[in-house]
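Below, each chain spelled out in residue letters.
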Amino acid sequence: MSAGIVLDGVVKRYGDHVALDVDHLAVPRGALAVVVGPSGCGKSTALRLVSGLDRPDEGRIWIDGSDVTDRPPGARSLSMVFQDFALYPHLTVAENIGFSLTLRAHRPRLSRASVDAKVSSAAALLRIDELLHRRPSQLSGGQRQRVAIARAIIREPEVLLLDEPLSSLDAQLRHHARTELLRLHRELRSTIVLVTHDQSEALSMADHLVVLDQGRVAQAGPPQEVYDHPATTFVARFLGAPPMNLQSRDGLLLGWRPEAALFGAAPPGAHSVAGTVDVVEYTGDGHLVTCTAPTGPWSARVPGGTPPPPPGSALTVHVPAASLHRFDATTGTRLTG
Amino acid sequence: MRRADLRHHATLGIAVVASTAPLLWALASSFKPVNRIYDPVAPPWPVSFDNYRVALTGFPIASLLGNTLLMASAVTAMQLVVAVLAAYGMVRFKVRRAGLLLAALTGALVVPTQSLMVPHFLMLVELGWRNTYAGLVVPQLSGCALAVLLLRQNLLALPPNLFAAAAIDAATPGETLWRVVLPLLRPAMSSVGILVFVATWNEYLWPLLAVPDTDHATIQIGLQSFMNSEGANHGPLLAAAMLSTIPVVAMYLVASRRIVDAFLHSGLR
């Protein structure tokens, strides 16, 4: 797989604060890459550097094999959807979408009719044909997002950057918008980089996941790989809800996910954990129990159909050896196996 | 009506009376014949147009208004062009020593214009611009700090991602100014323009220095010289003063909606 976007030794500082420090990061061409991390981890900085809105203090940025570090945003064959959508409030939906095509920098020069044709086909793709004559203030949040995406894809960019595209939508629209974005990615085939703070959004959408922690890449790779083999305790606890249980034992940190817990008789080689049930939550497809134990609290998922243990009762669960993660107790990095 | 509403209305009422009473008194008096003009409670009827007849014959009102309109329009246009470019430059680009620039502009607001009169006048004479329209108009560009600051404030209220979106769309700074900033700034520009226009219209000292001859004189100078030539003849003077306010009042009547809108929309979403 050839590289769509490469960041090489990229450092960005704001005053004394290092916002981003990336040794090497490659996003495969045509991937839907999701950059995820807690707020302040540098994910928006990364997006602004790739877009060219900000310049790195050190390092080079490559898009589709060319060094774009010194190019302005308009000359990078990319476009961007902003968190607040940043539609031009004085222009109609059609004028917003077609804006970039009518600028001097656009090659080739397009006739009015061909601009209109491109605008209609982008609007059709996003299913906003009915809205072309409205202004942004007359649109709902979901419609504004579609307009912003249509405006971004009209120039058929190699790279599409999305900054927290779902965060300003209400919960009901969010899932719908996720599937729409996945469909769009399939139809466009361009490299998409999406930034989010929501780990479940990241896991469900990414085909390439980048986890950032304090300006550094904690781990990058296919989401299943990152979820199943977290490189650090940070990644282990950041991905998955509720987060992975971590307990120190024999001088190292032992991790296991709540859904890996087995009830009943212990299979051979399993790791057994005992505690007292503190809280039981109903999750629709089962229950989540949180237990207290001398080694620290832990939680386990009780599958649907199994009655949950009552609060206050003693509980022992078993974790198969294959579901155990071992981390260095001081550095938090993953130990092989 | 709630008590707070009542208080607000009472306060506003006092302000309205305080600002309109002298104007209404002047308007009423301008229609009184000379034997009743010093009686403040006398009603203005039967209406007499004598004062206006005297004012219009002894007073070159058309040329005075024409000169004033030319001066106020030219100064407003020049200040707006310079202020838009300056404010856009300050907001859109990373300006070195931006803080110093801002402090200088703010400082310029507190420098009394009177203190600049002598240097401006000397430059004017040096340029040979005395008794010319250029001499009347161009030096008044020096008062554009307020316009720059007001427009800068309005630009800062725009969503910053708007500039970023234009940059991503590959718009040049000029295209961004012309096609994104100017349309959004129009309400602010009209309110700033009206402020500048009215202030320039009422300017007295500079026109007096720059264009002392009657061909180029503005209405405020005309009123003064009319007062000197007519002595204490207050009736025609009030009539002339009323005539001189007509263009500004007309502008307010036409644009009042726009003025209110401009102030309401200054925090653009």
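Refer to the structure above for everything that follows.
Report follows, based on the coordinates. Predicted model only: the values in this text are computed from it and were never measured. (Residues numbered from 1 in each chain as written. Chains lettered and ligands numbered in written order. Predicted model: local features only at pLDDT ≥ 70, side-chain atom pairs only at ≥ 80, totals over all residues. Heavy atoms only, no water.)

Structural notes on the packing of helix H4 (residues 141-153) of chain A against helix H5 (residues 171-188) of chain A
Residues and elements named next belong to chain A. Here H4 crosses H5 at 15°, and the two axes come no closer than 12 Å. Viewed along their axes, H4 and H5 adopt a mutual orientation that is roughly parallel. In this structure, the crossing between H4 and H5 has a hand that is right-handed. Judged by residue contacts, Gly-142, Gln-145, Arg-146, Ile-149 and Ile-153 of H4 engage Leu-173, His-176, Ala-177, Glu-180, Leu-181, Leu-184 and Leu-188 from H5. Each residue belonging to the contact of H4 with H5 can be placed in one class, and the counts come to 7 nonpolar, 3 polar and 2 charged. (Axes fitted to C-alpha atoms, helices over the stretch in contact; angles between N-to-C directions. Helix = DSSP H or I, 4+ residues; strand = E, 2+ residues; numbered from the N terminus. Parallel < 35°, antiparallel > 145°, perpendicular 65-115°, else oblique. Left-handed = near helix turned anticlockwise from the far one by under 90°. Contact = heavy atoms within 4.5 Å. Nonpolar A, V, L, I, M, F, W, Y, C, P; charged D, E, K, R; others polar.)

A look at the sheet that holds strand E5 (residues 66-67) of chain A
By definition, the strands of a sheet pair up through backbone hydrogen bonds, in either a parallel or an antiparallel sense. All names here are of chain A. Taking strand neighbours across the sheet as the criterion, the 4 strands line up as E2-E1-E4-E5 in an open arrangement whose pairing is antiparallel. The sheet is open, and its two edges are formed by strand E2 (17-28) and E5, each paired on a single side. Two elements, strand E1 (residues 3-14) and strand E4 (residues 58-63), share 5 bridges in a ladder whose sense is antiparallel. Note that in E4 the partner of Ile-5 across the bridge is Ile-63. Against the sheet, helix H1 (residues 43-51) touches E1, E2 and E4, its axis set at about 115° to E1. (Pairing = 2+ DSSP bridges.)

Notes on the packing of helix H3 (residues 61-92) of chain B against helix H9 (residues 173-201) of chain B
Residue and element names in this part refer to chain B. Where H3 meets H9, the closest approach of the two axes is 8 Å, and the angle between their N-to-C directions is 140°. Here H9 runs oblique to H3, going by the angle between their axes. The hand of the H3/H9 crossing is right-handed. Its residues assigned to classes, the contact of H3 with H9 comprises 18 nonpolar, 7 polar and 1 charged.

Points about the sheet that holds strand E6 (residues 78-81) of chain A
Residues and elements named next belong to chain A. Reading across from one edge, E6-E7-E8-E3-E9-E10 is the order of the 6 strands in this open sheet, with mixed pairing throughout. Two strands lie at the open edges of the sheet, namely E6 and strand E10 (216-221), each paired on one side alone. Within this sheet the neighbouring strands show an average axis-to-axis angle of 15°, counted without direction. H1 rests against strand E3 (32-36), E6, strand E7 (159-163), strand E8 (191-196) and strand E9 (208-213) of the sheet, and its axis sits at about 150° to E7.

Comments concerning the interface of chain A and chain B
Each partner contributes residues to the interface: chain A has 24 residues there, and chain B has 19 residues. Around 1900 Å² of area is buried between chain A and chain B when both sides are counted, 62% of it from carbon and sulfur atoms. The largest share of the area that chain A buries against chain B comes from A:Tyr88, A:His90 and A:Leu103, three residues that together contribute 26% of it. Where chain A packs against chain B, one counts 1 salt bridge. The salt bridge involving A:Arg104 is made with B:Glu175; its shortest N-O contact spans 3.6 Å. Applying the counting criterion to the chain A and chain B interface returns 10 residue pairs in polar contact (both at pLDDT 80 or more). Only H1, E6 and H4 of chain A provide two or more residues apiece to the side of chain A that touches chain B. No other element matches the 3 residues that E6(A) contributes to the side of chain A that touches chain B. Residue composition of the side of chain A that touches chain B, grouped by class: 12 nonpolar, 6 polar and 6 charged. (Buried area = accessible area lost by both parts, 1.4 Å probe. Salt bridge = Lys/Arg side-chain N within 4 Å of Asp/Glu carboxyl O. Polar contact = N/O pair within 3.5 Å; in protein donor to acceptor, adjacent residues only side chain to side chain.)

A look at the pattern of salt bridges
Oppositely charged side chains are able to pair whenever their charged atoms sit close together. Residues and elements named next belong to chain A. In total, this model carries 14 salt bridges over all chains according to the counting rule given. Between Asp-70 and Arg-55 there is a salt bridge, with the nearest N and O atoms lying 3.2 Å from each other. Here Arg-55 lies in the loop between H1 and E4 and Asp-70 lies in the loop between E5 and E6, a separation of 15 residues in the sequence. Given a relative accessible area of 45%, Arg-55 falls into the partly exposed group. The partner of Arg-146 in a salt bridge is Glu-180, and the shortest N-O contact between them spans 3.4 Å. Separated by 34 residues along the polypeptide, Arg-146 in helix H4 and Glu-180 in helix H5 bring together distant segments of the chain. Like Arg-146, the residue Glu-180 is buried in the burial classification. Salt bridges sharing common partners tie together Arg-127, Arg-146, Glu-180, Arg-183 and Glu-187. (Buried < 20%, exposed > 50% of the residue type's maximum accessible area, 1.4 Å probe, protein only.)

Taken by themselves, the reported measurements are silent on function.
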